[in-house]
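Here is how the chains run, residue by residue.
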Amino acid sequence: MSEQKKAEKIVGVKGMNDILPADAPLWELFENTVHSVLKSYGFQQIRTPIVEPTALFARGLGAVTDIVEKEMYSFTDSMNGDQLTLRPENTAGVVRAALEHNLTYDGPKRLWYVGPMFRHERPQRGRYRQFHQVGAEAVGFTGPDVDAELIMMCQRLWDDLGLSDIRLELNSIGNAEERNKHRVDLIAYFEQHKELLDTDAQRRLHANPLRILDTKNPTMQEMVNAAPKLLDYLGEESRAHFEGVQKILNHNNIPFTINPRLVRGMDYYNRTVFEWVTDQLGSQGTVCGGGRYDPLIEMFGGKPTPACGFAMGVERILELMKASGEQYAPNQCDVYVVHQGEAAQLQSFVLAERLRTAGLDVVLHCASANGGGSFKAQMKRADGSGAAFAVIIGEDEVTANTAVVKHLRAEEGAEQNQVSVEFDAVVDYVVDQIVGHGHDHDHDHDHVHYHP
Ligand code: ATP
Ligand code: MG
């Protein structure tokens, strides 16, 4: 290589992040908590492909939405000319799969998913080109009970994650007929205030005026606040549904505010819409959005099937978890095995396997590119590993059929910081020490906490 030009480094795609080992415990804590909370409500996981036909999103999300207009990673499959898209969200994919496999043939289904989504946006805090969502879709339920259940499930998740600063905003956007009546008045209102509309709003004025209510443009806020409210156009059934949701939430002491301007980015929503928002994340304050989407399944060619769901932005929630300072178990093991010489290396493999069989997390020293094979260097690695114990096998130990067990976290001056133990008794000894001293030897199952 030395005579050749040094190869240029290839870096990752802008807005698509590596999740490094230091952050992995936080992700695991989040995902494990999600898993157990959703399971406790009877939700079952579904895993759909990251790539779907472009038509799925074009049809499902509506043409005049941020996502379909400008955020999709779409491409032509060079092998067969298929039009494909990296999923920007997963309601469409889950619904497609539910229909394709006739999942609701024997009754409604509670489904959830987690995974990466892709949107070509300007990368900034809380907004990435590859990001992750956890979502739930209750398919085949007429509500309002399931709407309230989905919301309460989110509340429980925030509680279990130790997040207290997320508030619920609720609205109803009625049905298509009610929205059409409102739309006529809304367009007329916006036309009276045309000089205040930005270019986005002007473009949407006739195509999707409801979305103008969602604007983040500060100069439009006052005008938009005074616009005709969809809530005033709801008919009897929509109003009863909305009241039903509120009744259950009130009965269960779930606080919320009604935000008449709340609409969702996707066209397929009707009736209940909600968002969980926080003031801790700057302008990217929405951590979860959801609502009812009764028309979608029929739009996809299925028989009319009501449904309700939500999607939450994992990166935004993790940022809240980091800020909340909750403790978590960092990457660490129970035992680091140090060895010197060929015979000791062979023995150390045997011992490491036995310790793992006993349920411990064990790092066995292996040869590395940056040296560190000396006894001293190995002990330094053992210290850095976070292990409670080092088990040391040198030539003397091989001869004597023993191993040295060293307490790495023993208090200064403690006696018996290091003992020689019969080889066959090492596992029992270490397990005893860990259980006896209340060490957290089972990182996966014990109570785990986050600390940055
Ligand atoms: P926003 O108004 O912030 O653009 P959205 O309406 O596009 O949000 P949804 O499509 O409802 O968002 O997605 C649900 C959640 O996914 C959002 O509330 C947010 O937490 C998260 N999310 C959406 N887009 C991104 C992104 N580009 N990067 C990180 N998280 C995102
Ligand atoms: Mg968006």
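This report concerns the structure included in the present document. As the structure is a prediction and not an experimental result, all values here were calculated from the model.

Together, I50, V51 and F75 give the surface a local cluster of nonpolar side chains, amounting to about 210 Å² of exposed area. Along the chain, V51 falls in strand β2 (residues 51-53).

On to the pattern of salt bridges. Tallied over the full model, the rule gives 16 salt bridges. Between K109 and D106 there is a salt bridge; the shortest N-O distance is 2.8 Å. Classification of K109 by relative accessible area gives buried; the value is 19%. A salt bridge links D279 to R167; the shortest N-O distance between them is 3.2 Å. Of this pair, D279 sits in the loop between β9 (270-277) and β10 (286-292) while R167 sits in strand β7 (residues 167-172); the two residues are 112 residues apart in sequence, bridging distant segments of the chain. Residue class for D279 comes out exposed when judged on its relative accessible area of 61%. Among the ionic contacts, a cluster of salt bridges with common partners joins E52, R96 and E100.

Next up on the list: the sheet that holds strand β15 (residues 402-407). Taken in spatial order, the five strands make up an open sheet running β13-β12-β14-β15-β16, and their pairing is mixed. The outermost strands of the open sheet, each flanked by one partner alone, are β13 (362-364) and β16 (418-422). Direction aside, the axes of adjacent strands within the sheet are offset by 25 degrees on average. Examined bridge by bridge, strand β12 (residues 335-339) and β13 share three bridges and lie parallel to one another. Pairing of V335 across the sheet is with V362, part of β13. Sheet strands touched by helix α13 (residues 375-384): β12, β14 (389-393) and β15. Its angle to β12, the strand with the most contacts, is close to 175 degrees. Against the sheet, helix α15 (residues 426-436) contacts β12, β14, β15 and β16, and its axis sits at roughly 15 degrees relative to β15.

What counts and how
- Residues numbered from 1 in each chain as written.
- Chains lettered and ligands numbered in written order.
- Predicted model: local features only at pLDDT ≥ 70, side-chain atom pairs only at ≥ 80, totals over all residues.
- Heavy atoms only, no water.
- Patch = residues over 30% accessible without salt bridge, like charges linked within 9 Å, V, L, I, M, F, W, Y side chains within 5 Å.
- Areas by Shrake-Rupley, 256 points an atom, 1.4 Å probe, with all protein chains shown as cover.
- Salt bridge = Lys/Arg side-chain N within 4 Å of Asp/Glu carboxyl O.
- Helix = DSSP H or I, 4+ residues; strand = E, 2+ residues; numbered from the N terminus.
- Buried < 20%, exposed > 50% of the residue type's maximum accessible area, 1.4 Å probe, protein only.
- Pairing = 2+ DSSP bridges.
- Axes fitted to C-alpha atoms, helices over the stretch in contact; angles between N-to-C directions.
- Contact = heavy atoms within 4.5 Å.

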